[in-house]
Each structure stands twice: as C-alpha cells, then as structure tokens.
Amino acid sequence: MEAETWVCGLLADYRGLIGEGCVGLDRERGVIAAISKSPPPGARAMDYRSRGVLVIPGLVDLHVHLRGLGYSYKETPRSGGWAAASAGITLVVDMPNTQPPSDEPGAVEAKLGELASQCPVDHGLYAGVPERPELVGGLASTPVAGFKVYPRDLASRREALQAILSLRGMLVVLHPEAPWARRGDLQESPASRESHRPCWLEAHAVLDLASLGGRARIHVTHASCPGTVEASRALGFTVDVTPHHLHWSLHTLGDPCLGKVNPPLRGHPDVWGLWRALLEGRVDALASDHAPHAEREKLGDPLACPPGFPWLELWPWLVFRLVRLGILGLREFLWLTSRGPALVLGLRHYGTLEQGARANVVVLDPKPWRRFPGPRHSLARLTPALMERLAGAPLAVLVGGDPVYVDGELAGRGRPVNPFASRARASGVRGGGDT
Ligand code: DOR
Ligand code: ZN
C-alpha cells in the first residue's frame, strides 16, 4: 500500500479523538495506507492542522431512496448521490421500491448498473422480496446488501420471505409496519395517520417477522416508537431511527402532505422515548429514509400525496447540533452515523480511521452554525427542513481517496464502489457481512 494523498487535522472516529495527525490514502486501492503525525516531506497533503478541524470517516446512510429508472423525475443516483456527498455521506444503500421494483435479478442488475454509472459515492442496494419464491436464489447471488421486507411481504409473500430468512447470515431489513396499518382511505393528517398506524402495529411487525425464525440477520429500519426499539433489541435484532422521527412530531409538522411519512410522525411521549433510547445507547444507527418526491406530488391531494422526506443534504448536521450543545458525544455521533451503520451492513472496513479501512474521509469544521438554504443537488426541492439550524460544515469529502466535494463545490466523481460486490467475490457469500 502506498499513500498518495494525505489529509491532516484532528483525527477522530467512533473510538473518540485520536489526536492531531494525518491519514495517508492509497487511491489505487481506495484504502487508508498509513496514519502518522505528519505527512512525509514533499507529499501532497490537505493540511488542516492547528485549525480545530476534524478528519473523520465518511458517514454511512443505510436507508435511502435514490429512485432513478422509472422514478428519475423524483431523484436519480446522480442527484441523490451528490446530495449525499455534499453532506459527507460516502456510502448509501438504496431501497428496492423502484420502478421497476428491484425484486427480480434482471431489475437488480439494471438498478446496480445505474448506481455504478451515476452515483458519486459508494453504494449498495437491497433486493425486494419477490412474488415467486423460486427467484430468491437468483437474487441472493447478485451483489446486493441484503433484502428489504415491506408490510405487503409479511401479508402475501411469506413463502419467499421464509426462503430468504433461511439464508445463513443474510441481512434482512424490515420496514416495521403491520400489513393492515390503515392506508389513505380515511381523513389524512399526521394526527389521524398516527392513530391508524399505532405503535403497537410496529412492534407487531417485528414480532411477526421473528415468528418466522430462520438464520438471517435482521435489522429494523426504522423504529418510530420506543417499543419498537425495545422489541427489536429483545429479539437480538439491530435497529435504527430516523432524524425526522426525532426532530418532528405530529404536533410540530401537521401539514397533511409535507408531514406525511411512513411510519408516521408520533406524539411527544413517543418522540421523547425515542430520544431516551438514542441517548442511552440502545439504537444501532441513524438512517435518513431520504424519500424524495416531485413538488407536484407533495403539493397535491392529501389523500393521494406520497409519504417521505428528502433529507440527504442536511440530516447529519441537524444531528451534529447535539454534539455542539453537549447533549451527544462526538464519539456517539460518529458511532451512530458511520461505524454503527457500517457494522449493521457487515462492513468492518467502513466507519473507522485505521490502516486498511476504506479511504472515505470527511474534513469537518465543527464550529459554524448555519441555516439550511434548501437543496442544491437533490431534485426534491420541497422540504420542511428549509432554514433549519445546522451545526458543522464538511470542508472536503473524499471517496476511495479521491476528493469529490471540496469547499462546497463538486470536485469530480472519483471511483466509487459497491462494497457488497467485492465482499461477495472474496467470500463467495452474498448479502450482509464481510466478517
Ligand atoms: O415515507 C416513506 N416513504 N416510507 C416508506 O416506506 C417509503 C418511502 C418512499 O419510498 O417514498
Ligand atoms: Zn424507506
């Protein structure tokens, strides 16, 4: 391994502050080749030492919807990928509710191809549960991160689901809502949706999946209720929460379309309970569920407007406010946004500043307070997070050792990878886990 680019500053990762120093990045292999006090004489260095600037691992978002293909009018892997890069997110894992759905091998390959050709950051894709159980084997041998289970699958694709759950070590991520959670058939407002889709239906979905047994690794994305966190943990599953279920409640974002998301925003006692679970260390990761939709869809009929928030350009820095306010430690922040999600995905070489780790690095100025001026890259321009107060600002973002975002501007695409492809090649096993 040979380091060609050095990035220097206050090094920190999930273990805490490592100290002032430099990471040496091998761009050919895309890994951290060395860690040292200072760069070798004459070496090319991005040197931020003595400026109070942090050098941290790139952030990992294990739950995004980058759309593309038939939904390219909502978002594309290019627009969503740049949104992620601008926020210091250097690995995203995409959901299969695409058009066409990524629940058969041909569609998965098409979606992976689109991600590979457009996305400027490292990326993965979950396969959907297929209608025909005989497709499970073929899907499991594509380089996916795992499978995503939706409420519909719990109701009507149980045979295929059972086949997936029988795959040892396969990562299975669950959207925890029972299939009979009420759809948009009654009056739609965050308050009424919350009562049609109560917390107990979330826990029910977790218990229902558990009742199917199997040898897969189960991750629950996302818990909007404290009981879902506790049920998941009790069953040995990992669990994440979103920034929106922490940041807003049905009382603070009452708009029937802008406040519409699945699972729904909750009332204050549940929001406080989620905070408590997060601050007491019972949550494995934060994940955005970045769910972009076109403006005309979000401004439409409350009975028909689609659920979801576009988040990729800002959510980590909304959460970083807690670090600046002394509520959350830097270590905990870096666990929840990089190492924790990397481990859920089974990627031990992500979310850490160590020799041999993936050379995804963010230079972060922790000092500025700023207001979110609206999306610059995401196609989903309409966001209730407009003018939210954010803390910290990424100064430079590197993917595989290549600068992709520097001083607020795109710096080129670099060589992003699908880490689940190399992991699958190396181990002969597909889905979740390089261990
Ligand atoms: O709010 C949501 N939006 N929840 C989901 O499960 C899907 C997502 C989307 O794809 O828009
Ligand atoms: Zn989602």
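Presented here is an overview of the structure given in this document. Note that the coordinates shown come from a computational prediction; the quantities given were computed from them, not determined experimentally. (Residues numbered from 1 in each chain as written. Chains lettered and ligands numbered in written order. Predicted model: local features only at pLDDT ≥ 70, side-chain atom pairs only at ≥ 80, totals over all residues. Heavy atoms only, no water.)

**Quick notes on the sheet that holds strand 8 (residues 122-128)**
Here comes step 1: The strand order across the open sheet formed by eight strands is 6-7-8-9-10-11-12-13, and the pairing between neighbours is parallel. Unpaired on one side and paired on the other, strand 6 (59-64) and strand 13 (285-286) mark the two borders of the sheet.
Here comes step 2: Sheet topology places strand 11 (residues 217-221) next to strand 12 (residues 238-241); three bridges connect them, and they run parallel. The residue of strand 12 that forms the bridge with H219 is T238.
Here comes step 3: Its contacts with the sheet place helix 2 (residues 105-118) against strand 7 (89-94) and strand 8, and it is angled at close to 165° to strand 8. (Pairing = 2+ DSSP bridges. Helix = DSSP H or I, 4+ residues; strand = E, 2+ residues; numbered from the N terminus. Contact = heavy atoms within 4.5 Å. Axes fitted to C-alpha atoms, helices over the stretch in contact; angles between N-to-C directions.)

**Some remarks on the pairing of strand 7**
Here comes step 1: Burial analysis of strand 7 places six of its six residues in the buried class, which makes it a mostly covered element.
Here comes step 2: Relative to strand 7, strand 6 runs parallel, the two sharing four bridges. Within strand 7, the position partnered with V64 by the bridge is D94.
Here comes step 3: Pairing of strand 7 with strand 8 involves four bridges; the strand directions are parallel. (Buried < 20%, exposed > 50% of the residue type's maximum accessible area, 1.4 Å probe, protein only.)

**Notes on empty space enclosed by the protein**
Here comes step 1: Tallied over the full model, the rule gives two cavities of 30 Å³ or more.
Here comes step 2: The volume enclosed by the largest cavity comes to roughly 50 Å³.
Here comes step 3: Taken together, H290, P310, W311, L312, E313, L314, F372, P375, S378, A380 and T383 form the lining of the largest cavity.
Here comes step 4: Here the lining of the largest cavity is built from residues that sort into seven nonpolar, three polar and one charged.
Here comes step 5: Its volume calculated, the second largest cavity comes out at about 40 Å³.
Here comes step 6: Residue lining of the second largest cavity: A291, P292, H293, K298, G308, P310, A380 and L382, and that is the complete set. (1 Å grid on protein atoms, 1.4 Å probe; cavity = no way out; pocket = protein on both sides within 12 Å on 5 of 7 lines; lining within 4 Å. Points joined across faces, edges and corners; volume = space filled by probe spheres on them. Nonpolar A, V, L, I, M, F, W, Y, C, P; charged D, E, K, R; others polar.)

**Some points on the packing of aromatic side chains**
Here comes step 1: Summed over all chains, the structure comprises eight aromatic pairs.
Here comes step 2: For the pair Y71 and Y73, a centre-to-centre distance of 6.4 Å together with 75° between the ring planes defines the contact as edge-to-face.
Here comes step 3: Looking at Y71, the relative accessible area reads 23%, which means it is partly exposed.
Here comes step 4: On the basis of relative accessibility, which here comes to 37%, the residue Y73 falls in the partly exposed class.
Here comes step 5: Pairing W317 with F320 gives two aromatic rings, centres 5.6 Å apart and planes at 65°, and the pair type is edge-to-face. With W317 and F320 both in helix 12 (residues 315-324) and three residues apart, the pair spans about one turn of that helix. You'll find W317 and F320 in the same group, each marked buried.
Here comes step 6: An aromatic cluster of three or more residues is present, and its members are W248, F309 and W311. (Phe/Tyr/Trp six-rings, centres within 6.5 Å; stacked < 30°, edge-to-face > 60°.)

**A word on the side chain of H245**
Here comes step 1: Looking at the element boundaries, H245 is found in helix 9 (residues 243-247).
Here comes step 2: What makes H245 buried here is its relative accessible area of 2%.
Here comes step 3: Side-chain polar atoms of H245 contact the side chain of T242, separated by 2.8 Å.
Here comes step 4: Here the side chain of H245 touches P263 through a polar contact of 2.8 Å, landing on its backbone oxygen.
Here comes step 5: Apart from the residues lying within four places of it in its own chain, the contact partners of H245 are H222, S224, V261, P263, P264, L265, V271 and L274. (Polar contact = N/O pair within 3.5 Å; in protein donor to acceptor, adjacent residues only side chain to side chain.)

**Some remarks on the site of ligand 1**
Here comes step 1: Around ligand 1, the structure places H65, R67, N97, H175, V261, N262, D289, A291, H293, P307 and G308.
Here comes step 2: One of the side-chain N or O atoms of H65 is found 3.4 Å from an oxygen atom in ligand 1.
Here comes step 3: For ligand 1, whose free accessible area comes to 290 Å², the fraction covered by protein is 92%.
Here comes step 4: Considered class by class, the residues forming the shell around ligand 1 number three nonpolar, six polar and two charged. (Near = heavy atom within 4 Å. Areas by Shrake-Rupley, 256 points an atom, 1.4 Å probe, with all protein chains shown as cover.)

**Description of the pattern of salt bridges**
Here comes step 1: Summed over all chains, the structure comprises 23 salt bridges.
Here comes step 2: Across the pair E134 and R132 runs a salt bridge, and its minimum N-O distance is 3.0 Å.
Here comes step 3: Judged by its relative accessible area of 47%, R132 falls in the partly exposed class.
Here comes step 4: Measuring nitrogen to oxygen at the nearest pair gives 2.5 Å for the salt bridge that ties E280 to R282.
Here comes step 5: Linked through salt bridges whose partners overlap, the residues forming this network are R27, E28, D402 and R415. (Salt bridge = Lys/Arg side-chain N within 4 Å of Asp/Glu carboxyl O.)

**As for the packing of helix 12 against helix 13 (residues 330-344)**
Angle between the axes and distance between the axes are the two parameters that describe a pair of packed helices.
Here comes step 1: Helix 13 packs onto helix 12 with a crossing angle of 155° between their chain directions and a minimal axis gap of 9 Å. When the axes of helix 12 and helix 13 are compared, the pair comes out roughly antiparallel. The two elements helix 12 and helix 13 cross, and the hand of that crossing is right-handed. On helix 13, the residues touching W315, P316, W317, V319, F320 and V323 of helix 12 are L330, F333 and T337.
Here comes step 2: In terms of residue class, the contact of helix 12 with helix 13 is made up of eight nonpolar, one polar and no charged. (Parallel < 35°, antiparallel > 145°, perpendicular 65-115°, else oblique. Left-handed = near helix turned anticlockwise from the far one by under 90°.)

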